[in-house]
Amino acid sequence: MRLLFALVVLFVAVPSVSAFAAVPPILPMEDFFKNPNSAAFSISPDGKWLAFARPWQHRMNVYVREIATGNEKRVTSAAERDIAGFFWKGNGKIVFAQDTGGDENYHVYITDIKGSKTTDLTPFDKVRAGVLDDLEDDPVHMLIDMNRNNPEVFDVYRCNVETGELELVGENPGNITGWLTDHNGKLRAAFTTDGVNETFLYRSDEKSEFRKIITTNFKETFSPVMFAYDNELMYVVSNLSSDKAAIYTFDPEKNETLDLIFEHDEVDAGGILHSKKRKIITGVTYTTDRRHYKFFDADREELQNTLDNFFPGLEAAAVDMDDDEQRVIVRTYSDKTRGAYYLFDRKDNSISKLADLSSWLKPEHMASMKAITFTARDGMKINGYLTLPVGVEAKNLPLVVIPHGGPSARDTWGFDSEAQFLANRGIAVLQVNFRGSTGYGKAFWQAGFKQWGRRMQDDVTDGVQWAVNEGIADRARLAIYGGSYGGYSALAGAAFTPYLYACAVSYVGPSNLFTLLETIPPYWKPYIEMEYEMIGDPLADKAMLEEVSPVFHAENIRIPLFVAQGANDPRVNKAESDQIVEAVKRTGKDVVYMVKENEGHGFHNEENRFDFYREMEEFFREHLNSR
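In this model, helix 10 (residues 574-586) (13 residues) spans 18 Å end to end at C-alpha, consistent with the 18 Å of a helix rising 1.5 Å per residue. Buried residues of helix 10: Glu 576, Ser 577, Asp 578, Ile 580, Val 581, Ala 583 and Val 584, and no others. Of the surrounding secondary structure, the elements contacted by the buried residues of helix 10 are helix 6 (485-496), helix 7 (513-518), strand 35 (561-566) and strand 36 (591-596). Backbone geometry just after helix 10 places Gly 588 at a positive phi near 95 degrees.

Written out as structure tokens, the structure is:
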């Protein structure tokens, strides 16, 4: 489900208890969850302007800054909802997206850098739109996909950004789930599904008909991610011949997989780095305990080495470049800091800070995130991360386990506001990449199929038990908290291991897998048969789904429960939280229930985040006796 969220220890780096840093002060909750100073910097194609997000009336809005003069101007005026994302269209326009109240029906807008004229390019009710291709070499057009004609699937339109005129260029026959353009902006590939099998379609030009190239079961990956710069070959991510997804070149005309570009024996290949200017791929990324690079290009490797030398001890990522690839936007971060944005000029080897994201949070007050590995009860190797409070012995601590959302996702190393907030309150935080998480190969991912509330939950339980056995966690002060699938896991922990935890917090988490599958957004319906294979079929697996739906076991929930929900959530309907709250109350137990009427799948408005984490802090203080 796309929920946009007795142990044998193999290895763990447990901090020494012989010497400690000073116990940091208790920092205001708001410091961890308020909007950043500035964020999401990008550079105009000509390298003369910056665009970035900054709070205005407590909402993240888009600003532009002229690099030569430093003059700034706000170009959006969002007062109800943050701008969801933005990018440059040429050197004089900004394209941005925004939804209403968390409904995820995003509209695509365009404004000029003076902020004098903003146009909604997709002014349609109950329609979700996005940008398929910005057509960066065409100053007047871009390709937009939206479900205007059929809420379940997306057609492609060529949009005139000056007039707003829309021309249908890719009509969806009803089974296309994705589209791919070449480097000339031509619609050359598409992906279809019959529910469980996915077919890659290809055509040599836009005048030709699409033809089937390869059909695979969704349990395997064959994913063309971009055309090569000759617009003939493609780069694909595939695990058809291996457990771990690797990157290959592929000839769609001959339907032939060619050269292996990159593979890793422990994890799936990640993203592809490429240079538009030089028309080559320059490297790939992959994530083990942390993100790593493999470079194929000396110039790109030199750039990364230069950035690493500028920022020892920090991760330094080149997140954007101008067309000449001489001015580079750099983002730094670590597990102890959200970091900062910098502008690096390769011509004169100079670097200047653009903004700290959260200058009020000091790294010396933050906790380290350590990678851990343990073996679950059935022998499967499980990875995760442990964050321990600063300045105290790692012994008999209150602990909160936070299962990630998805569940087809994974936790990664870096700054985590929730983990740091809880660690600052003296709580150890455990994050477990349970089976069913992505990034560790198809066998590990498929091991989570139909294991909601079963072995996936056992992995979380076993991680907590490991922390207890290691002496890190106090058996009497354990809690489980998560959002989306993690919220389900929190409810499952409360219902299926009722004596393990002292309390539980579910944030936009499903409680009834039958109603969850009935109320998915319409554009997820083409995937419903896949969901039945991953979660369970409401008819064929009725008994199992009843067994693992917490709402049917509310009488087992003996611990204090806090539930939070957005009223407009399109992924996990509000009824999911209503059901579990009502069911637990019928047993005579009280539930703390927070509903935000102007939110969806997670609380994005700053004041709502404050309310949620303030309530969470009080909840854990009462039931975990936290700092």
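What follows picks up the thread again.
What follows deals with the packing of helix 3 (residues 417-424) against helix 11 (residues 606-624). Relative to each other, helix 3 and helix 11 sit at 40 degrees, their axes nearing to 12 Å. For the element pair helix 3 / helix 11, the angle class is oblique. Considering only the axes of helix 3 and helix 11, their crossing is right-handed. Touching Glu 418, Phe 421 and Leu 422 of helix 3 are Tyr 613, Met 616, Glu 617 and Phe 620, all from helix 11. Grouping the constituent residues of the contact of helix 3 with helix 11 by class yields five nonpolar, no polar and two charged.

The next point concerns the pattern of salt bridges. On inspection of all chains with the given rule, the structure shows 38 salt bridges. The salt bridge involving Arg 346 is made with Asp 299; its shortest N-O contact spans 3.1 Å. Here Asp 299 lies in helix 2 (residues 298-310) and Arg 346 lies in the loop between strand 27 (340-345) and strand 28 (350-356), a separation of 47 residues in the sequence. Look at the salt bridges and you will find they share partners, linking Arg 278, Asp 297, Asp 299, Glu 325 and Arg 346 into a network.

Okay, the pairing of strand 24 (residues 291-295) next. Bridge analysis of strand 23 (residues 280-287) against strand 24 gives five bridges, and the strand direction is antiparallel. The residue bridging Gly 283 from the neighbouring strand is Phe 295, located in strand 24. The turn joining strand 23 and strand 24, which pair antiparallel and follow one another in sequence, is formed by three residues.

Among the secondary structure elements, Gln 420 is positioned in helix 3. Among all residues touching Gln 420, those that are not within four sequence positions of it are Phe 32, Asp 335, Lys 336, Met 366, Ala 367 and Phe 415.

The rules behind each value
- Residues numbered from 1 in each chain as written.
- Predicted model: local features only at pLDDT ≥ 70, side-chain atom pairs only at ≥ 80, totals over all residues.
- Heavy atoms only, no water.
- Helix = DSSP H or I, 4+ residues; strand = E, 2+ residues; numbered from the N terminus.
- Expected span 1.5 Å × (residues − 1).
- Buried < 20%, exposed > 50% of the residue type's maximum accessible area, 1.4 Å probe, protein only.
- Contact = heavy atoms within 4.5 Å.
- Axes fitted to C-alpha atoms, helices over the stretch in contact; angles between N-to-C directions.
- Parallel < 35°, antiparallel > 145°, perpendicular 65-115°, else oblique.
- Left-handed = near helix turned anticlockwise from the far one by under 90°.
- Nonpolar A, V, L, I, M, F, W, Y, C, P; charged D, E, K, R; others polar.
- Salt bridge = Lys/Arg side-chain N within 4 Å of Asp/Glu carboxyl O.
- Pairing = 2+ DSSP bridges.

What is shown is where atoms sit, not what they do.
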